[in-house]
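Working through the structure, step by step
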Amino acid sequence: MGELVPFKNKKYESITLADWVSSHPSEEDLRTVFLNMDRALKYIHDHGYCIEVFYPTEIEILENEKDHIQFKRLLELSKDPAKKREMVKEDIFNSSLIQIGIYSNSLKYLNPDFVKENFDEFAQFIPSGDVPYYRGVIQRGASVYFCEFALEKRNRDLADLEKQLGEGDGKGKQLMKQNGQNVGVGSITNDKVNDTIYSQINGLRDAAFINFLILPTLILGILVILGAVAWVISLI
């Protein structure tokens, strides 16, 4: 197993996801946080780590900002490609399972196999447009981030809207555009925020890279010096 990375951001005020949920029960708030959880999850995976403890008491929301999500305990992903894919898939599954548990207010009693076998009973608590995503992850083993699904769905919905409203009069395109950008189209990433929250990941990996470069250079330097000394001695 890879290196454990506990995160402690003392410069941020924080609240656990478990506590935050109790005071933010609206579906819109929950969905926004879940999207940002997945953006953080994708960021962590892209930087070579996964989640060591995937539970709401080990996930924090910083500064009461719904896009400031901190997973407290991370592990380095395996170097083996197959095992790495499995670890990423497991994180995505666990993320979906927690979200379903929060939506249905049944997190304390959730069993992965039970949810898989009785998904339709839980689907009624999930935003209807997101049910296909959770079904795909829980029942079919899909390895897709929720933020990727949501962005693709929104793009398709807006394209359908443009097609329905924009035939012949150009009004659809006006609805789709505002200041040169697509209205309502979110982003898969939240890198500016996550770069700060998870700076320790970059620090650890940068240090390892520097050590990787310095050690061979140091050895080469010593060999050069020894060679020069031996050459000088041979001339005496």
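Our structure is the block above this text.
Predicted model, so just to flag it, every value in this text is computed and none were measured. (Residues numbered from 1 in each chain as written. Predicted model: local features only at pLDDT ≥ 70, side-chain atom pairs only at ≥ 80, totals over all residues. Heavy atoms only, no water.)

**Overview of the pairing of strand E4 (residues 59-62)**
Residue alternation in E4 divides its side chains into two sets, Ile59 and Ile61 and Glu60 and Leu62, and both sets are buried. Here strand E2 (residues 14-16) pairs with E4 via three bridges, running antiparallel. Directly across from Ser14, in E4, lies its bridge partner Leu62. As defined by bridge partners, E4 adjoins strand E5 (residues 69-71) across three bridges and the pair is classed as antiparallel. (Buried < 20%, exposed > 50% of the residue type's maximum accessible area, 1.4 Å probe, protein only. Helix = DSSP H or I, 4+ residues; strand = E, 2+ residues; numbered from the N terminus. Pairing = 2+ DSSP bridges.)

**What to know about the layout of surface pockets**
What the largest pocket holds in volume is close to 280 Å³. Along the walls of the largest pocket sit 13 residues, with Gly101, Ile102, Asn105, Leu107 and Lys108 positioned nearest its centre. Where the lining of the largest pocket is concerned, the elements lending two or more residues are helix H1 (17-23) and helix H3 (81-103). Broken down by element, the residue count for the lining of the largest pocket peaks at three residues, all from H1. Split by residue class, the lining of the largest pocket holds eight nonpolar, four polar and one charged. By volume, the second largest pocket amounts to about 160 Å³. (1 Å grid on protein atoms, 1.4 Å probe; cavity = no way out; pocket = protein on both sides within 12 Å on 5 of 7 lines; lining within 4 Å. Points joined across faces, edges and corners; volume = space filled by probe spheres on them. Nonpolar A, V, L, I, M, F, W, Y, C, P; charged D, E, K, R; others polar.)

**Some points on helix H2 (residues 27-46)**
Compared with an ideal rise of 1.5 Å per residue, which puts 20 residues at 28 Å, H2 spans 28 Å between its outermost C-alpha atoms and is within 8% of the ideal. Where burial is concerned, most of H2 is hidden: 15 out of the 20 residues are buried. Of the residues one or two after H2, Gly48 is the one with positive phi, at around 90°. (Expected span 1.5 Å × (residues − 1).)

**Remarks on the side chain of Asp91**
Structurally, the position occupied by Asp91 is in helix H3. There is no salt bridge for the buried Asp91, and the closest opposite charge comes from Lys84, which lies 12 Å off by N-O distance. (Lys, Arg positive; Asp, Glu negative; His and termini not counted. Salt bridge = Lys/Arg side-chain N within 4 Å of Asp/Glu carboxyl O.)

**Examining the packing of aromatic side chains**
Any pair of aromatic rings gets described here by the distance separating the centres and the angle formed by the planes. Tallied over the entire structure, the rule returns ten aromatic pairs. Ring centres 5.3 Å apart and planes at 40° place the aromatic pair Tyr133 and Phe149 in the tilted group. A residue pair is termed long-range when its members are at least 10 positions apart, and Tyr133 in helix H6 (residues 131-140) and Phe149 in helix H7 (residues 146-165) qualify at 16 residues. Neither residue differs from the other here; Tyr133 and Phe149 are each classed as buried. Where Phe146 meets Phe149, the ring centres are 6.4 Å apart and the plane angle is 20°; that geometry is what we call stacked. Of the two residues, Phe146 and Phe149 both sit in helix H7, three residues apart, roughly one turn of that helix. In this structure, Phe146 and Phe149 share a single accessibility class: buried. Pairwise contacts between aromatic rings join Phe34, Tyr103, Tyr133, Tyr134, Phe146 and Phe149 into one cluster. (Phe/Tyr/Trp six-rings, centres within 6.5 Å; stacked < 30°, edge-to-face > 60°.)

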